[in-house]
Amino acid sequence: FTSGPSGRFNSVYDNPNMKQADLTLIHNKANAYLKANGIPACSFAIARQEKIVFAAGFGTADQSTGEPASATHRYRVASVSKPITSSAIMLLVDRGQLSVEDAVFGRNGILGSRFPTPASNPRIEKIKVKHLLTHTAGFTNANGDPMFQNSQLSMDDLIKWALQAKVNPRDPGVQYEYSNFGYCLLGRIIEAKTGQSYEGFVKSALLTPAGASSMSIAFNQPNQKQANEVVYYPSSAYNPNTRRMDAHGGWVASPIDLLKFMVRVDGKAAKRDLVSGGSWTQMTSAANVPDANGNNPMYGYGWTAGSNQGHNGAMSGTIAQLISQRSGIYTVAGMCNIRPDSDKWGSKLASLLFELTQTVSQWPSYDLS
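Predicted model, so just to flag it, every value in this text is computed and none were measured.

Student: How should the side chain of T318 be read in this particular structure?
Tutor: With respect to the helices and strands, T318 occurs in strand β8 (residues 318–325). For T318, a relative accessible area of 0% corresponds to the buried category. Ignoring any residue separated from it by four or fewer positions in sequence, one finds T318 in contact with R76, V77, Y232, G313, C336, I338 and R339.

What follows is the structure in structure tokens.
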């Protein structure tokens, strides 16, 4: 089927079992979304009852060459990395190697010897693993998100600097404040408990068994573009130290990769999950800790905890969505190679994908995974 501005066959997946009217509908709606939001490329995939029934790319993956986007193009997925990290943590819990009640810092903390407690920031010794998972550790983004600061520092040096310079204003468990830094620490906990790199453990224990072995942590510069990776726009999208964002925002994936991961952790019966049912329930149950305005963010352990489970991702050059219906039959994944002002958090992208699940008259019975 055709997609893209010049009607090229962007996707590597043929769909002979889909009606032409449905393919035309998808084509028109996807390209309308790209045009309305000034997006060079978008790739997405849809699963029905845990079978990947559709995947396609639209637009241009590299504007300098005119390379059309495909279903298998890979994109930075930003904070969609957090459910992956959470699932890896809970896999360690399932194995008995970790408890969410474990202390993170201090004499008996998992990271206590690697990152000693600054005298100015004693509250960190009250932080448990569960506080990092739920963004309730007491960290603050006042005066900037530490993960986007001091890009020249190594991972360890950044963590030491942040613990010293950004004193926790409150005890853990009191208030929700979204923290990329907290998920950075979860990556270091995985390393401490497994003796492997964060990327190495997640790939070997979670992604490869799920069939998503092509996922990897991003590099920073255009000349480090990985196989089948899109180009990000504008050029300033290459300014952040994305590789240092590994556990909170560093993964590169295709939408098919994301769905392969999702259907192996989602608590549904069609495919055997890699984490226990109890861990899935824990990950997707709201922590019920209010934010600064007294509102319930409905956030669990790295996953949204409402009628849908998943996460969005957004940073310069990228928006991404990974969402599964709690009681429905659809799971969707999509990403773009720009962060448009008109869809900064990917909500319109999510709406497009779920609109397609309801307007396409018939999905195939095959499984692209």
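Student: Hey, could you run me through the nonpolar core in this one?
Tutor: Side chains of nonpolar character tend, in soluble globular proteins, to be buried together. Residues F54, I189 and L258 are the most contacted members of the largest nonpolar core, which totals 111 residues. If near-sequence neighbours (up to four positions away) are discounted, I189 is found in contact with I89, L98, V104, I110, L111, V129 and L132.

Student: For this particular structure, what's the right way to read the pairing of strand β7 (residues 308–315)?
Tutor: On any regular strand, side chains alternate: one points to one face of the sheet, the next to the other face. Taking burial as the measure, the eight residues of β7 include six buried ones, the bulk of the element. In terms of strand pairing, β7 meets β8 through eight bridges, oriented antiparallel. In the sheet register, H311 faces β8, and the bridge partner there is L322.

Student: So what exactly am I meant to see when it comes to the pattern of salt bridges here?
Tutor: Two side chains with opposite charge may pair up if their charged atoms get near one another. Summed over the entire model, instances satisfying the criterion amount to 13 salt bridges. Here K344 ties to D341 by a salt bridge, and the two come within 4.0 Å at their closest N and O atoms. When salt bridges with common partners are traced through the structure, they connect R114, D156, R188, E191 and D246 into a single cluster.

Student: Looking at this structure, how should I read the environment of A269?
Tutor: Relative to the helices and strands, A269 is located in the loop between α8 (255–262) and α9 (277–283). Its relative accessible area of 79% is what places A269 among the exposed residues. With 220 residues separating them along the chain, A269 and Q49 place their C-alpha atoms 9.1 Å apart.

Student: It is not clear to me how the sheet that holds strand β4 (residues 75–76) should be interpreted in this structure. Could you clarify?
Tutor: Across a sheet, paired strands are connected by hydrogen bonds in the backbone, their directions being either parallel or antiparallel. Strand order in the open sheet formed by three strands is β4-β6-β5, with antiparallel pairing between adjacent strands. The open sheet is flanked by β4 and β5 (216–217), the only strands paired with a single partner. One ladder, built from two bridges, connects β5 with strand β6 (residues 251–253); its direction is antiparallel. Across the sheet, residue S216 finds its bridge partner in β6, namely V252. The strands that helix α6 (residues 198–210) touches are β5 and β6; relative to β6, the one it contacts most, it runs at about 40°.

Student: Looking at this structure, I do not really get the state of the cysteines. What am I missing?
Tutor: Disulfides are covalent bonds that link the sulfur atoms of two cysteine residues. A complete count under the given rule lists zero disulfides for this structure. Of all cysteine sulfurs, the one in C336 lies closest to C42, which takes part in no disulfide; the gap is 3.6 Å. Given a relative accessible area of 1%, C42 falls into the buried group.

Parameters at a glance
Residues numbered from 1 in each chain as written. Predicted model: local features only at pLDDT ≥ 70, side-chain atom pairs only at ≥ 80, totals over all residues. Heavy atoms only, no water. Helix = DSSP H or I, 4+ residues; strand = E, 2+ residues; numbered from the N terminus. Buried < 20%, exposed > 50% of the residue type's maximum accessible area, 1.4 Å probe, protein only. Contact = heavy atoms within 4.5 Å. Core = buried A, V, L, I, M, F, W, Y, C linked by side-chain atoms within 4.5 Å. Pairing = 2+ DSSP bridges. Salt bridge = Lys/Arg side-chain N within 4 Å of Asp/Glu carboxyl O. Axes fitted to C-alpha atoms, helices over the stretch in contact; angles between N-to-C directions. Disulfide = S-S within 2.5 Å.

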